[in-house]
Amino acid sequence: LIAIVPPAASRATGRTADLNASSTGLATLLGPATRLTCQAMPTAAEHLNDPQLLETEWDLAPLVDGDPENGVQRQLEEASERSGAFAQAYAGRLDGLTPSELVTAMRELGALSELIGKAGSYASLRFATDTADPTRGAMLQLVQERATEIETKLLFFELEWAALADARAEELLS
């Protein structure tokens, strides 16, 4: 016997979805007399009426070093300045780097990625909690634009790495 009841009807009537193991092909695993019962899950509307859930809030401040008001802007400014310095230091030089200089460059790229990532995570998670708030949307848009600007400054590194001869890449990685 298979009786599928839509979730809303299941809650209203108290009915559940019943599955007989033999009719579902699970008899060899569970035994032919096994009965499976599926309870209906709460709907989104029910979650939106849950006062405890509505009071729940993420603490996003650690993503912006405890400074929700200015942290995103500060992180983006720092990443922009550091990416400019990175480009000045390494553009056109990848082939001539020593292995230790490559390690330094890669660590700086990692730090820049973390700065941009934290600012982006803060903005997107904050926006996700209230997509109707225009200031949250504007912050997310700002982060996306600035991240693109910064990533454009750093694109040379990936292009130079891709153009590097395999033997030279192996030498740098050893």
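Preceding this section is the structure that the text describes.
For clarity, every value in this text was computed on a predicted model and none was experimentally measured.

(A) Up close: helix α7 (residues 99–129). In this model, α7 (31 residues) spans 45 Å end to end at C-alpha, consistent with the 45 Å of a helix rising 1.5 Å per residue. Taken together, the buried positions of α7 are occupied by Leu 102, Ala 105, Leu 109, Leu 112, Leu 115, Ile 116, Ala 119, Gly 120, Tyr 122 and Ala 123. Against α6 (71–90), α8 (134–163) and α9 (166–173) lie the buried residues of α7.

(B) View of the packing of aromatic side chains. Taken as a whole, this structure holds 4 aromatic pairs when the rule is applied. Centroid distance Phe 86 to Phe 156: 5.9 Å. Interplanar angle 40 degrees. Geometry classified as tilted. Taken together, the residues Phe 86 in helix α6 and Phe 156 in helix α8 connect sequence positions 70 residues apart. Each member of the pair, Phe 86 together with Phe 156, is buried.

(C) Focus on the nonpolar core. Core analysis: the biggest nonpolar cluster contains 20 residues, and Ala 79, Phe 86, Tyr 90, Leu 154, Phe 156 and Phe 157 have the highest contact counts within it. Secondary structure elements with two or more residues in this core: α6, α7, α8 and α9. With 6 residues, the single largest contributor to this core is α7. Among all residues touching Tyr 90, those that are not within four sequence positions of it are Leu 97, Glu 101, Thr 104, Ala 105, Phe 156 and Glu 160.

(D) Structural detail: unusual backbone geometry. For Asp 65, which is not glycine, the phi torsion reads 55 degrees and is therefore positive. A relative accessible area of 47% places Asp 65 in the partly exposed class.

(E) Looking closely at the environment of Gln 144. Among the structural elements, Gln 144 can be located in helix α8. A residue is classified by how much of its surface remains accessible, and Gln 144, at 44% relative accessible area, is partly exposed.

(F) Geometry of the packing of α6 against α8. Following both chains from N to C, one finds α6 and α8 inclined at 15 degrees, their axes separated by 10 Å at the closest point. One way to sum up the angle between α6 and α8 is to call them roughly parallel. Note on packing geometry: the crossing formed by α6 with α8 is left-handed. Contacts between α6 and α8 involve Val 72, Gln 73, Leu 76, Glu 77, Ala 79, Ser 80, Ser 83, Gly 84, Phe 86, Ala 87 and Tyr 90 from the former and Met 139, Leu 142, Val 143, Arg 146, Glu 149, Ile 150, Lys 153, Leu 154, Phe 156, Phe 157 and Glu 160 from the latter.

(G) Just the packing of α6 against α7, in detail. For the pair α6 and α7, interaxial distance at closest approach is 9 Å and the crossing angle is 155 degrees. The angle between α6 and α7 falls in the class roughly antiparallel. The way α6 lies across α7 gives a crossing that is left-handed. Between α6 and α7, the contacting residues are Val 72, Gln 75, Leu 76, Glu 78, Ala 79, Arg 82, Ser 83, Phe 86 and Tyr 90 on the first element and Glu 101, Thr 104, Ala 105, Glu 108, Leu 109, Ala 111, Leu 112, Leu 115, Ile 116, Lys 118, Ala 119 and Tyr 122 on the second. Residues of the contact of α6 with α7, tallied by class, amount to 13 nonpolar, 3 polar and 5 charged.

(H) Spotlight on the pattern of salt bridges. For the coordinates displayed, the defined rule picks out 11 salt bridges. We note a salt bridge from Arg 82 to Glu 78, for which the minimum N-O separation is 2.8 Å. With Arg 82 and Glu 78 both in helix α6, this residue pair falls 4 residues apart, about one helical turn.

What counts and what doesn't
- Along each chain, residue indices are assigned from 1 in the same order as the chain's sequence is written.
- With the structure being a predicted model, the display of local features is reserved for residues of pLDDT at least 70 and the display and counting of side-chain atom pairs for 80 or more, all residues being used for whole-chain, interface and lining totals.
- Side-chain measures here rest on the full set of heavy atoms in the structure, leaving out hydrogens and waters.
- The secondary structure listing takes helices from DSSP runs of H or I that are at least 4 residues long and strands from runs of E that are at least 2 residues long, numbered from the N terminus.
- Given a helix with a known number of residues, its expected span is that number minus one, times 1.5 Å.
- Summary of the burial criterion: residues with accessible area below 20% of their type's maximum are buried, those above 50% are exposed, and those between are partly exposed, where the area comes from a 1.4 Å probe applied to protein chains only.
- We call two residues in contact whenever any of their non-hydrogen atoms come within 4.5 Å of each other.
- Here is the rule: rings of Phe, Tyr and Trp (six-membered ring for Trp) pair when centre to centre is within 6.5 Å. Planes less than 30 degrees apart are stacked, more than 60 are edge-to-face, and the remainder are tilted.
- Among buried residues, the Ala, Val, Leu, Ile, Met, Phe, Trp, Tyr and Cys ones that are joined through side-chain atoms within 4.5 Å form a nonpolar core.
- To obtain each axis, a line is fitted to C-alpha atoms, and for helices this fit is confined to the stretch in contact; angles are then taken between N-to-C directions over 0 to 180 degrees.
- Relative orientations are named as follows: roughly parallel for angles under 35 degrees, roughly antiparallel for angles over 145 degrees, roughly perpendicular for angles from 65 to 115 degrees, and oblique for any other angle.
- A crossing counts as left-handed when the near helix is turned anticlockwise from the far one by less than a right angle, and as right-handed when that turn is clockwise.
- Polar here means any residue outside two lists: the nonpolar Ala, Val, Leu, Ile, Met, Phe, Trp, Tyr, Cys and Pro, and the charged Asp, Glu, Lys and Arg; Gly therefore counts as polar.
- A side-chain nitrogen of Lys or Arg and a carboxyl oxygen of Asp or Glu constitute a salt bridge if their distance falls within 4 Å.

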